[in-house]
Amino acid sequence: MEFQGQHILSIDQFDREAVENILRVAEQMAPYTSRQKRSTLLEGATLASLFFEPSTRTRISFASAFNLLGGKVMETVGIDISSLSKGESLFDTAQVVSGYADAVVMRHSEAFSVAEFAAGSRVPVLNGGDGANEHPTQALLDSYTIFSELKRLGKPASKLRVALVGDLKNGRTVHSLSRLLSLFPKMEFTFVAPNALTMPEKIMAICENAGHRISITQDFSSGLQNQDVVYMTRVQEERFDTQEEANLYRGKYRLTQPIYDQYCNPDTIIMHPLPRDSRPEANELSDDLNRNPNLAIFRQSDNGVKIRMALFALVLGVENKLAQYEAPVTWYSNKS
Ligand code: CP
């Protein structure tokens, strides 16, 4: 796949080779994220960061990635402070913003809105999450995390058992991750969700048509057993018609250290795209797991910067020029 000038909108764009290329370039970003070196690769370039839905990780890690490559970031946060609130179309907004920037990252509450925006953009647009549809860069950082955690544990990546747990209907991260993992051989997916929040048929068909085994259950304890990865998710309360309806499902699945000890393998990797909902009525991933060495959630969020640096380097066509634009780090840092 040729990346230069492309939008990054959906995992559908990628074959396995393209994903492996992104993960390989992401690995080359480690000296910069660990502050062993700094980069001036994108000096003079500008990113427009448009977040029309709340975000901590995606928004800040995209900005951090662009900054670490030497570029500058312009931010617009919230529809109410953009002219979308005055009825401007996504197409017109894209025409305008792409005149000011070299790349755009966008999050929006409507499925396919980022693709609609991209159709009007003259520069690469990266999808930071479009409603309940997709979150492709999260899936890339999730797969990077899975492969690096398996390596840490000395386990092969050749046959992977993954349980996806929670709100699989509305959770865009699990939609993108299932699509992405389906590109790799010999996957076994276990979809653990209440009947009303089960994985969309379309995504399950992608997994099955790629030759993978899938099982569907509402039962948390059986879903946790014999898994290499348990990927917990938050009930996406912002996608429900009422809070009362969301509350029917919050707290249904709670992974705690005693539950992990009882049902998971001792080396099961625990993941979550974050934010976890730590309020007592939800608490799907208990903080009593914080000292569990297989809790990968913060390594996962750290990996987002490397993946997003790789994507910027690829879509801006500079992935082979890193060595030419590196410089020493002169300030104190204990990140290494
Ligand atoms: N994982 C994720 O998308 O987190 P934010 O909503 O904080 O960006």
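Residues numbered from 1 in each chain as written. Predicted model: local features only at pLDDT ≥ 70, side-chain atom pairs only at ≥ 80, totals over all residues. Heavy atoms only, no water.

Some remarks on the site of the ligand
For step 1, the next point in the chain: Close to the ligand lie Ser55, Thr56, Arg57, Thr58, Arg107, His135, Gln138, Pro273, Leu274 and Pro275.
For step 2, the next point in the chain: One nitrogen or oxygen atom from the side chain of Arg107 is found 2.9 Å from an oxygen atom belonging to the ligand.
For step 3, the next point in the chain: Taken together, the residues of the shell around the ligand sort by class into three nonpolar, five polar and two charged.
For step 4, the next point in the chain: Built from parts of two domains, the shell around the ligand gets at least three residues from each of domain 1 (11–134 + 304–328) and domain 2 (136–298). (Near = heavy atom within 4 Å. Polar contact = N/O pair within 3.5 Å; in protein donor to acceptor, adjacent residues only side chain to side chain. Nonpolar A, V, L, I, M, F, W, Y, C, P; charged D, E, K, R; others polar. Domains from an automatic or database assignment.)

Description of the sheet that holds strand S4 (residues 103–108)
For step 1, the next point in the chain: Reading across from one edge, S3-S2-S4-S5 is the order of the four strands in this open sheet, with parallel pairing throughout. For this open sheet the edge positions go to strand S3 (72–77) and strand S5 (125–130), each flanked by a neighbour on one side alone. Going across the sheet, the axis of each strand differs from the next one's by a mean of 10°, ignoring polarity.
For step 2, the next point in the chain: The sheet contact formed by strand S2 (residues 46–51) and S4 spans five bridges and is parallel. If you follow Ala48 over to S4, its bridge partner there is Val104.
For step 3, the next point in the chain: Of the strands in this sheet, S2, S3, S4 and S5 touch helix H3 (residues 57–68), which is tilted by about 160° from S3. (Pairing = 2+ DSSP bridges. Helix = DSSP H or I, 4+ residues; strand = E, 2+ residues; numbered from the N terminus. Axes fitted to C-alpha atoms, helices over the stretch in contact; angles between N-to-C directions. Contact = heavy atoms within 4.5 Å.)

Thoughts on the domain arrangement of the protein chain
For step 1, the next point in the chain: The domain boundaries assigned to the protein chain delineate domain 1 (11–134 + 304–328) and domain 2 (136–298).
For step 2, the next point in the chain: Distance from the C-alpha centre of domain 1 to the C-alpha centre of domain 2: 25 Å.
For step 3, the next point in the chain: With 29 residues of domain 1 in contact, the opposing surface of domain 2 contributes 22 residues.
For step 4, the next point in the chain: Counting the surface lost from both domain 1 and domain 2, the interface buries some 2,200 Å², and carbon and sulfur atoms represent 61% of this. (Buried area = accessible area lost by both parts, 1.4 Å probe.)

Digging into helix H1 (residues 16–27)
For step 1, the next point in the chain: For H1, which comprises twelve residues, the first-to-last C-alpha distance of 17 Å matches the rise-based estimate of 16 Å (1.5 Å per residue) to within 8%.
For step 2, the next point in the chain: Taken residue by residue, H1 has Ala18, Val19, Ile22, Leu23, Val25 and Ala26 as its buried positions. Taken end-on, H1 shows its buried residues confined to a sector of 160°, consistent with a single buried face.
For step 3, the next point in the chain: Among the structural elements, helix H2 (30–33), helix H6 (136–153), helix H7 (172–181) and helix H12 (297–315) are those in contact with the buried residues of H1. (Expected span 1.5 Å × (residues − 1). Buried < 20%, exposed > 50% of the residue type's maximum accessible area, 1.4 Å probe, protein only. Arc of directions from axis to C-beta.)

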